[in-house]
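# Breakdown of the fold
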Amino acid sequence: MRARLLLACFGSSWLLACGPRAMPEPHVAVTHASEVPPPPAFTTQLDRDHPLVGKIWSTRAARFVDERTLRARLRGYVLLGEKHDNPDHHVLQARLVDAMLADGRSPAVAFEMLALATQPRLDEATNADAEAIVHEAWAHSGWPDFEMYAPVVRAAVATKRPLVATGIAPTTMRAIVREGTMPPEVAEPVPLDEEQKSSLREELVATHCGHLPASMVDGMIRAQRARDATMAHAMTQALRRGNGATDAVLVAGTGHVRRDRGVPRDLAAHDATRPLTSIAFVEVEHDRREPAAYAERWNARTLPFDFVWFTPRASDEDPCAGMKR
């Protein structure tokens, strides 16, 4: 059970992509900085009556907060962690991008799902064809259907915000895992300490349902950290290019936005001048009624995010079942 839950939440979808779900409802735009619209209706069904659903937990304050409090933190680097196949997570991501725009911020929006090779086309794109370029890049990427991510893509495109590609090509990832090769487009990650490396090792084994060969674990650690570092590098470069962006938002799996050993670790090492906020959208579990109980999902003593926004579950499918077959 623990392995199943970790797999569902960990950002390693280049090996284990989640399947598509129903299309989300259109996101709700914030029209005034002082206005917080009613929360969108959840489209996912499982455990919708769970007491945590819809609540926002502040890890640092150890209490629930309202959306206005969360919005006040949306500046600098904002990392939005998702479970890839949950459409509600993408609607909420779009909602927070809209909130930043309404509050006078100018974010570049970075996507784990867009390969680095897409960036030149995104830089040259007009507002009219940016979505088409993203849609084309998505078609053969192995990620859930583009329409699931459309709310957050359109939130950026509609306001002419820069789109940032951060993904490493699968062939490059395989070379990193098997050979330790680090090509120029891959950023060098900040080293983990032994405790962090041990935690990541345990999580990788669990997320691959016990089927990850021991000989591949070190390579997988290299690959995971290379992805984190490359996302961080792409975000810092987006703010240095002089494209009018004052902030950078990342859309990625929750495993990448954790503060202890994910993208924030690399951002803090290379640009400590801007504030950083990590937000995880987390599916509830029927038997976990307190926020602290969810830290185990990430093999951590405490939740490794600044805020956690709880949602219903999209599915109860066992992702390990396919690996067993």
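Below: a short report on this structure. Not measured: the values here are computed from a predicted model. (Residues numbered from 1 in each chain as written. Predicted model: local features only at pLDDT ≥ 70, side-chain atom pairs only at ≥ 80, totals over all residues. Heavy atoms only, no water.)

### Quick notes on the nonpolar core
The biggest cluster of nonpolar side chains holds 72 residues, and the ones touching the most others in it are Leu79, Phe111, Leu163, Met235 and Ile279. With nine residues, the single largest contributor to this core is helix α6 (residues 146–157). Leaving out residues up to four positions away in the same chain, Leu79 has contacts with Met235, Leu250, Val257, Val263, Pro264, Leu267, Leu276, Thr277, Ser278 and Ile279. Formed by 14 residues, the second largest nonpolar core is a distinct cluster that contains Ile176, Met220, Ile221 and Ala223. (Core = buried A, V, L, I, M, F, W, Y, C linked by side-chain atoms within 4.5 Å. Buried < 20%, exposed > 50% of the residue type's maximum accessible area, 1.4 Å probe, protein only. Helix = DSSP H or I, 4+ residues; strand = E, 2+ residues; numbered from the N terminus. Contact = heavy atoms within 4.5 Å.)

### Overview of the packing of aromatic side chains
Counted by the stated rule, this structure contains six aromatic pairs. Taking the centre distance of 5.0 Å and the plane angle of 75° together, the rings of Trp57 and Phe64 count as edge-to-face. Judged by its relative accessible area of 32%, Phe64 is partly exposed. Linked through ring pairs, Trp138, Phe146 and Tyr149 together constitute an aromatic cluster. When the ring centre of Phe64 is taken as origin, the NZ or CZ atom of Lys55, which lies over that ring, is 5.0 Å away. (Phe/Tyr/Trp six-rings, centres within 6.5 Å; stacked < 30°, edge-to-face > 60°. Lys NZ or Arg CZ within 6 Å of the ring centre and 35° of its normal.)

### Examining the pattern of salt bridges
Applying the stated rule across the entire model yields 24 salt bridges. The salt bridge partner of Arg95 is Glu67, with a shortest N-O separation of 2.8 Å. One end of the pair, Arg95, is in helix α3 (residues 87–102); the other, Glu67, is in helix α2 (residues 67–71), with 28 residues separating them in the sequence. (Salt bridge = Lys/Arg side-chain N within 4 Å of Asp/Glu carboxyl O.)

### A short note on helix α8 (residues 194–207)
The end-to-end C-alpha distance of α8, which contains 14 residues, comes to 20 Å, matching closely the 20 Å that a straight helix rising 1.5 Å per residue would cover. Where α8 is concerned, the buried positions are Gln196, Ser199, Leu200, Glu203, Leu204, Ala206 and Thr207. For α8, the angular spread of the buried residues around the axis is 165°, confining them to a single face. The N-cap of α8, judged by a side-chain oxygen 3.1 Å from the amide nitrogen of Glu195 a few residues on, is Asp193. Just beyond α8, the residue with positive phi is Cys209, at close to 60°. (Expected span 1.5 Å × (residues − 1). Arc of directions from axis to C-beta. Polar contact = N/O pair within 3.5 Å; in protein donor to acceptor, adjacent residues only side chain to side chain.)

### Describing helix α9 (residues 214–240)
Over its 27 residues, α9 extends 40 Å from the first C-alpha to the last, a length consistent with the 39 Å expected when each residue adds 1.5 Å. With 19 of 27 residues buried, α9 is to be regarded as a mostly interior element. Count one or two residues on from α9 and you reach Gly242, which has phi positive near 70°.

### Details of the environment of Ser199
For Ser199, the location among the structural elements is in helix α8. On the basis of relative accessible area, Ser199 is assigned to the buried category, the value being 12%. As a C-alpha pair, Ser199 and Ala300 span 101 residues in sequence and 7.8 Å in three-dimensional space. Not counting the four nearest positions on each side in its chain, Ser199 is found in contact with Arg261, Trp298 and Asn299.

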